[in-house]
Amino acid sequence: NVSNFSFVAEDGDRVKFSFQSDISAGELEIIVCSSNGSVVYVLDHAKSLETFFTFDSADTYTLQAEYTDFIGSFKIAVYSANKN
């Protein structure tokens, strides 16, 4: 199964991913893909994680949660981390 959402980022935009999970069983992979389907970033596996990523080109990106035989819950948020 797959859950996803899309967002726009410009060249040089920095984002913060905030992730929490409670996994009883199964596999969960969180990836970020460009509009052509190329994987640009894979989040580390963790129960709780805050990490940053800087995009190197303007595009509409998709954050995708891929899960198999998954029992549990997870939530993820994406924030702009650009300096103003």
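Structure shown above.
Notes on the structure follow.

What counts, and at which threshold
Residues numbered from 1 in each chain as written. Predicted model: local features only at pLDDT ≥ 70, side-chain atom pairs only at ≥ 80, totals over all residues. Heavy atoms only, no water. Helix = DSSP H or I, 4+ residues; strand = E, 2+ residues; numbered from the N terminus. Rg over C-alpha atoms; globule rule 2.2 N^0.38 Å. Core = buried A, V, L, I, M, F, W, Y, C linked by side-chain atoms within 4.5 Å. Buried < 20%, exposed > 50% of the residue type's maximum accessible area, 1.4 Å probe, protein only. Contact = heavy atoms within 4.5 Å. Salt bridge = Lys/Arg side-chain N within 4 Å of Asp/Glu carboxyl O.

Re the overall build of the chain
Logical step 1: When helices and strands are counted, the chain shows zero helices and five strands.
Logical step 2: Counted from the first residue to the last, the chain has its helices and strands arranged as β-β-β-β-β.
Logical step 3: Against the globule reference of 12 Å for 84 residues, the chain gives a C-alpha radius of gyration of 13 Å, in line with a compact fold.
Logical step 4: C-alpha atoms of the chain, sized along the principal axes, occupy 40 × 25 × 15 Å.

Considering the nonpolar core
Logical step 1: With 19 residues, the main nonpolar core has F17, I30, V32, L43 and F55 as its most contacted residues.
Logical step 2: Mapped by element, the contributors of at least two residues to this core are β1 (2-9), β2 (14-33), β4 (48-54) and β5 (59-80).
Logical step 3: When sequence neighbours within four positions are dropped, the list of residues in contact with I30 reads F19, Y41, V42, L43, L63, Q64, A65 and I76.

Regarding the pattern of salt bridges
Logical step 1: Considering all chains together, one arrives at one salt bridge under this definition.
Logical step 2: Residues E50 and K16 are paired through a salt bridge, measuring 3.5 Å at the closest nitrogen-oxygen approach. Taken together, the residues E50 in strand β4 and K16 in strand β2 connect sequence positions 34 residues apart.
Logical step 3: Judged by relative accessible area, E50 falls into the exposed class, the value being 52%.

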